[in-house]
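The chain contents come next:
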Number of protein chains: 2
Amino acid sequence: MPRVVVLGGGFGGIGAARKLRDADVDVVLVDKQDYHTFQPMLYQLATGVIDTSAIADPLRGLFHDQPNARVHQGTVEAIDPDSRVVTFADREPLEYDYLVLALGAEAEFFGVEGAGEHGYPLYTLGDAVRLKEHVVTCWEEADRNPSLIADGMLNVVIVGGGATGVESAGALGELYRNVFSDDFPDIAQEHARLILVEAGPALLPMFKKDIQDYTQRALRERGVEIMLGEIVESVAPTRVRLKSGTVLKAHTLVWGAGLHAHPIAKALGVELQRGSRIPVGLDLRLADRPEVFAVGDIAWITDAKTDDVLPQLGSVALQAGEHAGENIARLVDRKDAMPFKYTDKGTMAIIGRGAAVLQTRRGHTMKGRTAFLAWGAVHLALLSTGEERTKAVVEWTWAGLTHERSGRIVVSDIEPTPARR
Amino acid sequence: MPRVVVLGGGFGGIGAARKLRDADVDVVLVDKQDYHTFQPMLYQLATGVIDTSAIADPLRGLFHDQPNARVHQGTVEAIDPDSRVVTFADREPLEYDYLVLALGAEAEFFGVEGAGEHGYPLYTLGDAVRLKEHVVTCWEEADRNPSLIADGMLNVVIVGGGATGVESAGALGELYRNVFSDDFPDIAQEHARLILVEAGPALLPMFKKDIQDYTQRALRERGVEIMLGEIVESVAPTRVRLKSGTVLKAHTLVWGAGLHAHPIAKALGVELQRGSRIPVGLDLRLADRPEVFAVGDIAWITDAKTDDVLPQLGSVALQAGEHAGENIARLVDRKDAMPFKYTDKGTMAIIGRGAAVLQTRRGHTMKGRTAFLAWGAVHLALLSTGEERTKAVVEWTWAGLTHERSGRIVVSDIEPTPARR
């Protein structure tokens, strides 16, 4: 029976593997973690609105009901497309008849000095937990030693005015102004600055002007300062230097400025597109490698319907992954692979409770409470299991109604002992 | 205004602080963590039934509605009862007019070689997370490298036949036989042994014989082997040696064999009781220190109603803490302190879904589904906030109904960078 190896357990990989459920193939899905992360809500985990398990599903559990699929934990080391073998850093190599590359991306620091060492990206579950624990730890440290406050202990610089930056800034604003204000009644909020830095002239550059203006207003209402046309030059543990010469005191830097594809992309011997993404044909296959598909953030995908290059979004990854799975099933049945047509559900960003923006590719826009609800509807459809879907809805709705958040603790006495693992 | 310093944010400390809400005092509660842990459900966190936030409340949030209370994070270093000052490793000293010692306990390894280094105690939230991540990591490692299975990679030795050992063994049994059996269909369950080792002749020594027999049966049904009359001699990372000469292959050792009081107890200059516990009078005050109270696992408390020494249970800690708070309020009002009378709700242990045991001090017993429900009722009453109570009920009930558990993931790429914190 042909073996399909799916690398990556994000939206793309899961979509591909599940669409192969009824195909006469063995599916082997490998991810370096043993869980799937619901990335669109990462910033909510980072700000304590929801709990880890609300956005992380054990990958193995997602395939209990799919007898032709196996899930393994493993870190990809190399791919040999000629002999059709994937090798791993930590397990036996796997031969494949079909390969789905869905390994996602990593933060791109564009060579900014210190950004990689001291910045907090927000792409993985680990990133979100680290950011949350760091922010809470800063507040506890400021409470123990108030002289640190004037040094910028509680200030956060958020870099990048795209969706990640806007969502993080808005969520931090609500955490600071609604929760920490009660938790730390002795600390004045004006000593806890949130500064969103964007190189271009506007936030959310892909959105229309009225949406951009609304976003600025909504962030300012949440206590976020906005600096446009400013570029980060270097990052130190407690200081952020801008190209304009301004130095911001901040012990936390959230890096939402860019991504590049998983480094395996560079080892495939194909010419890559912007962000090191792997270009694929309309049927999602690599040129000259008709048995290799790439989907999700690692891929440079052109929509067969509009000829546009598709953005790096969860819904694009899921639909492309499903399409790759369907195409493999067709190829196994000796049918032709079909071109991928994306069903646009709009691009969105959540600024805070009841405040969101949405824009479709045709230019329709929505903002405020309506967009907030639309966000919920679209993203809940992305969730993979009934249980998690329910839990996320409950936690999110609860947080939206009550301002309470339970996730803001630091399990700070945990130091994993690598020797033991 | 008199200042009451409460050291420790467990059941005892919270009980004391909250009962002082209407007293003319300033309350300062200090804990080394910034959260309260609902310890009776720790083993459920360790086995992935529930999520961290279901049993951990941000301590500061519990006192938003109590204007005379402040919460701080700090690690106690020393207490000078003559000058009435507490010093901390990480913050300014605090003077007190009244002091409530509610710092709990730590695992007691009785000098067993290697137990402290390689064993997993189960007393703090960090303990539970570490144990869970270790167990899941062992299974993933066995999946990557099946030759480790014969070396005991998946075997767990649980030491101690008291409530902690019985509850952990039962929960691991259900995790292994109901969940991992589906997650890892290629690994045979007989290669994943769970062995409960107890030095005495029976499990749950404080319970009646029929309860003990029921417990043994219920654990065996969950795939747990029981070794009675066996004592652990030494522990290595992958082997456990018993005094009888038997060597058990196991990469995990859960230590549920005993506790001793927080080390500050030894620095008070009073003669301690078994487990280094601080003896208190019937009004919960230290002899010769009428302004110092001790409650919870750190204290050796005699019930004024029955003259019995009370066990180290959450309900004892909460009631004693509340009583200490009431006594301080009385003393501030120039009234006399009152003796503490414990309202017994029974001692309980959960063996698994629908299987529990309960015994009151008068000798009434319950087992099976009835005891399971009684456990729920008693322990939900201990929970501190509405939100968490709801969430714990939901998660626990859901897990009880569906066999699904979402908490079994490992955020394994998290290595806290101490330099940054």
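Going along each chain's sequence as written, the residues are numbered from 1 onward. Both sets of labels track the order of writing: A upward for chains, 1 upward for ligands. Under the rules for a predicted model, residues below a pLDDT of 70 receive no local features and side-chain atom pairs below 80 are neither given nor counted, while totals for whole chains, interfaces and linings still include all residues. To get the side-chain values, take all heavy atoms of the structure and skip hydrogens and water.

Caption draft 1: Structural view of the overall build of chain A. Helix and strand definitions here come from DSSP, where helices need a minimum of 4 consecutive H or I residues and strands a minimum of 2 consecutive E residues; each element is numbered from the N-terminal end. Counting its secondary structure elements, chain A contains 11 helices and 26 strands. Here chain A holds 421 residues, and 60% of them are scored as buried. Taking as baseline every contact in chain A between residues at least 6 positions apart, the subset at least 24 positions apart corresponds to 65%. When the accessible surface of chain A is split by element, carbon and sulfur atoms take 50% of a total near 16,300 Å². Throughout this description, buried means an accessible area under 20% of the type-specific maximum (1.4 Å probe, protein chains only), exposed means over 50%, and partly exposed covers the range between. Only heavy atoms matter for contacts: two residues are in contact if any of them lie within 4.5 Å across the pair. Calculation of accessible area relied on Shrake-Rupley with a 1.4 Å probe; when residues are assessed, cover is drawn exclusively from the protein chains displayed.

Caption draft 2: Spatial organisation of the sheet that holds strand S25 (residues 355–359) of chain B. Residue and element names in this part refer to chain B. Strand pairing is defined by DSSP finding a minimum of two bridges between the two strands. Pairing is antiparallel across the open sheet formed by 3 strands, whose spatial order is S24-S25-S26. Of all strands in the sheet, those bounded by a partner on one side alone are strand S24 (347–352) and strand S26 (365–367). Recorded for the sheet is a direction-independent mean angle of 5° between the axes of neighbouring strands. In terms of strand pairing, S24 meets S25 through 5 bridges, oriented antiparallel. Of the residues in S25, the one forming a bridge with Gly352 is Ala355. On top of the sheet, helix H7 (residues 209–221) reaches S24, S25 and S26; it is set at about 165° to S25, its chief contact. Axes, fitted as lines to C-alpha atoms, cover a helix only where it is in contact. Angles between the N-to-C directions of the axes lie from 0 to 180 degrees.

Caption draft 3: Inspection of the sheet that holds strand S6 (residues 76–80) of chain A at higher detail. Residue and element names in this part refer to chain A. Strand order in the open sheet formed by 3 strands is S6-S7-S8, and the pairing between neighbours is antiparallel. Whereas interior strands pair on both sides, the edge strands pair on one side only; in this sheet they are S6 and strand S8 (94–95). Where strand S7 (residues 85–88) meets S8, 2 bridges bridge the pair, whose relative direction is antiparallel. Of the residues in S8, the one forming a bridge with Val85 is Glu95.

Caption draft 4: Quick look at helix H7 (residues 163–183) of chain A. All names here are of chain A. What a helix should span is 1.5 Å times the count of its residues minus one. The first and last C-alpha atoms of H7 sit 28 Å apart over 21 residues, in line with the 30 Å expected at 1.5 Å per residue. Of all bends in H7, the biggest is about 35°, found at Tyr176. With respect to burial, H7 is a largely interior element, 15 of its 21 residues being buried. Two axes enter the definition of the bend at a residue: one is fitted to the seven residues ending there, the other to the seven starting there, and the bend is the angle between them.

Caption draft 5: Here's a closer look at the environment of Asn155 of chain B. All names here are of chain B. Structurally, Asn155 can be placed in the loop between helix H5 (125–144) and strand S12 (156–159). We classify Asn155 as buried; its relative accessible area is 7%. Separated by 187 residues in the primary sequence, Asn155 and Tyr342 place their C-alpha atoms 40 Å from one another. Contact partners of Asn155, with chain neighbours within four places excluded, come to His191, Ala192, Arg193, Lys249, Ala250, His251 and Thr252. Side-chain polar atoms of Asn155 contact the backbone nitrogen of Arg193, separated by 2.8 Å. Counting of polar contacts relies on pairs of N or O atoms within 3.5 Å, with two restrictions inside protein: one atom must be capable of donating a hydrogen and the other of accepting it, and residues adjacent in sequence are counted only when both atoms are side-chain atoms.

Caption draft 6: Spotlight on the pairing of strand S15 (residues 232–235) of chain B. Residues and elements named next belong to chain B. Across 3 bridges, the pairing between S15 and strand S16 (residues 239–242) is antiparallel. Directly across from Ser234, in S16, lies its bridge partner Arg241. What sits between S15 and S16 in their antiparallel hairpin is a turn of 3 residues.

Caption draft 7: Just the pattern of salt bridges, in detail. Each salt bridge in this description consists of a side-chain nitrogen of Lys or Arg and a carboxyl oxygen of Asp or Glu lying within 4 Å of one another. Throughout the structure, instances matching the rule amount to 42 salt bridges over all chains. With a closest N to O distance of 2.9 Å, Asp213 of chain A and Lys209 of chain A form a salt bridge. You can see Asp213 of chain A and its partner Lys209 of chain A sitting in helix H8 (residues 209–221), 4 residues apart, about one turn around the helix. A residue is classified by how much of its surface remains accessible, and Lys209 of chain A, at 55% relative accessible area, is exposed. Residues Asp82 of chain B and Arg289 of chain B are paired through a salt bridge, measuring 2.9 Å at the closest nitrogen-oxygen approach. Residue Asp82 of chain B is located in the loop between strand S6 (76–80) and strand S7 (85–88), and its partner Arg289 of chain B is located in strand S22 (residues 289–294); the two are separated by 207 residues in the primary sequence. Sharing partners across several salt bridges, the network here consists of Arg60 and Arg91 of chain A together with Glu140 and Asp143 of chain B.

Caption draft 8: Helix H1 (residues 11–19) of chain A, seen in detail. Extensive coverage of H1 of chain A is indicated by the burial of 7 of its 9 residues. Inspection of H1 of chain A places Phe11, Gly12, Gly13, Ile14, Gly15, Ala16 and Ala17 of chain A among the buried residues, and these make up the whole buried set.

Caption draft 9: Fine view of the packing of aromatic side chains. Classification of ring pairs uses Phe, Tyr and Trp, with its six-membered ring standing for Trp, and accepts pairs whose centres are within 6.5 Å; under 30 degrees between planes counts as stacked, over 60 as edge-to-face, and the remaining range as tilted. Throughout the structure, instances matching the rule amount to 14 aromatic pairs over all chains. Linked through ring pairs, Trp139, Tyr176, Phe180 and Phe184 of chain A together constitute an aromatic cluster. Seen from the ring of Phe63 of chain B, Arg18 of chain B lies directly overhead, with NZ or CZ sitting 5.7 Å from the centre. Both a distance and an angle decide whether a charge sits over a ring: NZ of Lys or CZ of Arg must be within 6 Å of the ring centre and within 35 degrees of the ring normal.

Caption draft 10: Region of the structure containing unusual backbone geometry. With a phi angle near 70°, Asp307 of chain A is a residue other than glycine that sits in the positive phi range. You can see Asp307 of chain A is positioned in the loop between strand S23 (299–300) and helix H9 (314–332).

Caption draft 11: Focus on the side chain of His36 of chain B. All names here are of chain B. Looking at where His36 falls in the secondary structure, it is placed in strand S3 (residues 35–37). Exposure remark for His36: the relative accessible area of 1% places this residue in the buried category. Looking at His36, its side chain comes within polar contact range of the main-chain oxygen of Gly9, at 2.8 Å.

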